[in-house]
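What the coordinates show
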Amino acid sequence: MEGKYSNDKVDTLTIKGDGTLTLSYDSEEDYARSAIKSEASNINIGCKNLIINTIRDGINVDGNLCIQNCNLKINSTKKDIWVNYGITIDIYSEEKILMIENSVININGMTFGIDTQKGNLTVKDSNIYIKSYNASGDNSFGIGVGFYGPTFIDEDFKVYGGEFTLENSNIWCSLDGRNGYSTYFYKLNPSQNLYYYTQTDDSFKLQSFDEAIEYDENFRPGVGRYELYNKDLLITTDKIQDEGDFIHGDVDQNETVDAADALNILKHAAKINILSDEQQTMGDVDQNGNVDATDALMVLKKAAKIIDIFPSALNSIFLND
Ligand SMILES: [Ca+2]
Ligand SMILES: [Ca+2]
C-alpha cells in the first residue's frame, strides 16, 4: 500500500500486490467506518485477491476509483444492518469516475452493491455479481449510477453523473428479499449490442432493452431514469452461451435440451433409472445439489423457450472461488 502526499492531502492511494489481502471489520459501534476509506483524489486498487468482510461499507472514497486486475469479494457479515455499501463514492464528492477493469467482483449481502452517487461507472473486461439484501424493508439496489437532486440546499435539482458504460463484460444484479432496484442509471453507453436477461424463478429470459428496463419519468419529474424495480437483471456484451464442456440440462447428450431430458431427470428422481455422476452434473440445472422434479420443470421451460439460461450456466461465470 502506498500514498503520495501533496499539501498535506493524500493525492493518490494505491493498494496492489500479487497476493491476497483480507480486511475485516465487525464493530457495530462506529457507523462511519469502512474497510477502505480514502479522501485521495485517485484511488487505485489492484490486488490479485482482495477480500473484505464487514458490517459497514466495503470501499468508500471521495475521489476517482479504479479497480483493475482484481478478484474482489465484499461480504456483509451481518444481514440486518440498516444500510451498508459494497463500493461507493461519497455523496458530497463532485462527479467522479468509477472504473472497473479486468476484474471479477462479487458483492454479497450489502444493502447497496455499487453506488457511484454523482459519478459515472465504466466496466471493461469484467464479471460482476451482486446480491444485495434489503434489511430495512425500504430500499436496496445492486448498481446505482447517478444522482438526481441538489447536493446542498441552495443548489438546483439536476442529474449528476449517471453514465453507465459497458465493454466486454457480464453484470448480474440480484435482490435478496426484494423491494429494491437491481440496477438504475440515467444513460447507457454500449460499445456494442448488449443483451438483457431478467430473472424469474431462478432462471433467465432474454429480453429487449425496452422489455427488460423501465423508464420512469415520474420518479424524477422531467428527467426520468432507467431502472429495474424488484426484478433481477443480467446485462452482457455477448449472449450467454448455455454450454461449455457440456450443455446444461442435456442429460442424454444429444445436443438439444428437450422433454426427453426432463423425463430422464424425473426417472432419476423416482429412482427408476439413476443418472451417472456426469449426467447429474448436467441435470442439476438449478444447482441446488439435487437432481429432481424442479430441474425437470426448468428443462421443460427451456425446451419451451420460456427461459433462456439455467442458473448452473451462470455460476461458472460469476461465482468465483
Ligand atoms: Ca437432450
Ligand atoms: Ca437441482
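Each value, and the rule that gives it
Residues numbered from 1 in each chain as written. Chains lettered and ligands numbered in written order. Predicted model: local features only at pLDDT ≥ 70, side-chain atom pairs only at ≥ 80, totals over all residues. Helix = DSSP H or I, 4+ residues; strand = E, 2+ residues; numbered from the N terminus. Buried ≥ 20, exposed ≤ 12 C-beta atoms within 10 Å, placed from the backbone. Contact = placed C-beta atoms within 7 Å. Arc of directions from axis to C-beta. Core = buried A, V, L, I, M, F, W, Y, C linked by C-beta atoms within 7 Å. Domains from an automatic or database assignment.

Moving on to the overall build of the protein chain. For the protein chain, the count of helices and strands is five helices and 25 strands. Counting only C-alpha atoms, the protein chain reaches 75 × 50 × 35 Å along its principal axes. Taken over 321 residues, the protein chain has a buried fraction of 43%. In the protein chain, once contacts between residues fewer than 6 apart in sequence are set aside, the share between residues at least 24 apart is 66%.

Now for helix H2 (residues 259–269). Among all positions of H2, only Asp-261, Ala-262, Asn-264, Ile-265 and His-268 are buried. Buried residues in H2, looked at end-on, bunch into an arc of 160°, giving them a common side. In the core, the buried residues of H2 are packed alongside helix H3 (277–283) and helix H4 (293–303). Of the residues one or two after H2, Lys-271 is the one with positive phi, at around 60°.

What follows is about the environment of Gly-46. As for its placement among the helices and strands, Gly-46 is situated in strand E4 (residues 42–54). Expressed as a C-alpha distance, the spacing of Gly-46 and Asn-102, which sit 56 residues apart in the sequence, is 9.9 Å. The contact partners of Gly-46, leaving out residues within four places of it in the chain, are Lys-16, Gln-68, Asn-69 and Cys-70.

Among all positions in H4, only Asp-295, Ala-296, Met-298, Val-299 and Lys-302 are buried. Burial along H4 is one-sided: seen end-on, the buried residues are contained in an arc of 160°. On its buried side, H4 packs onto strand E22 (203–207), H2 and H3. The positive-phi residue at the C-terminal boundary of H4 is Lys-305, with phi of around 60°.

All right, on to the nonpolar core then. Grouped together as the largest cluster of nonpolar side chains are 69 residues, with contacts concentrated most on Ile-45, Ile-128, Ile-130, Val-299 and Ile-309. The element contributing the most residues to this core is E4, with five residues. When residues are assigned to domains, this core turns out to be shared by domain 1 (2–236) and domain 2 (259–307), each giving three or more. Excluding anything up to four places from it in sequence, Val-299 contacts Gly-249, Val-257, Asp-261, Ala-262, Ile-265 and Val-285.

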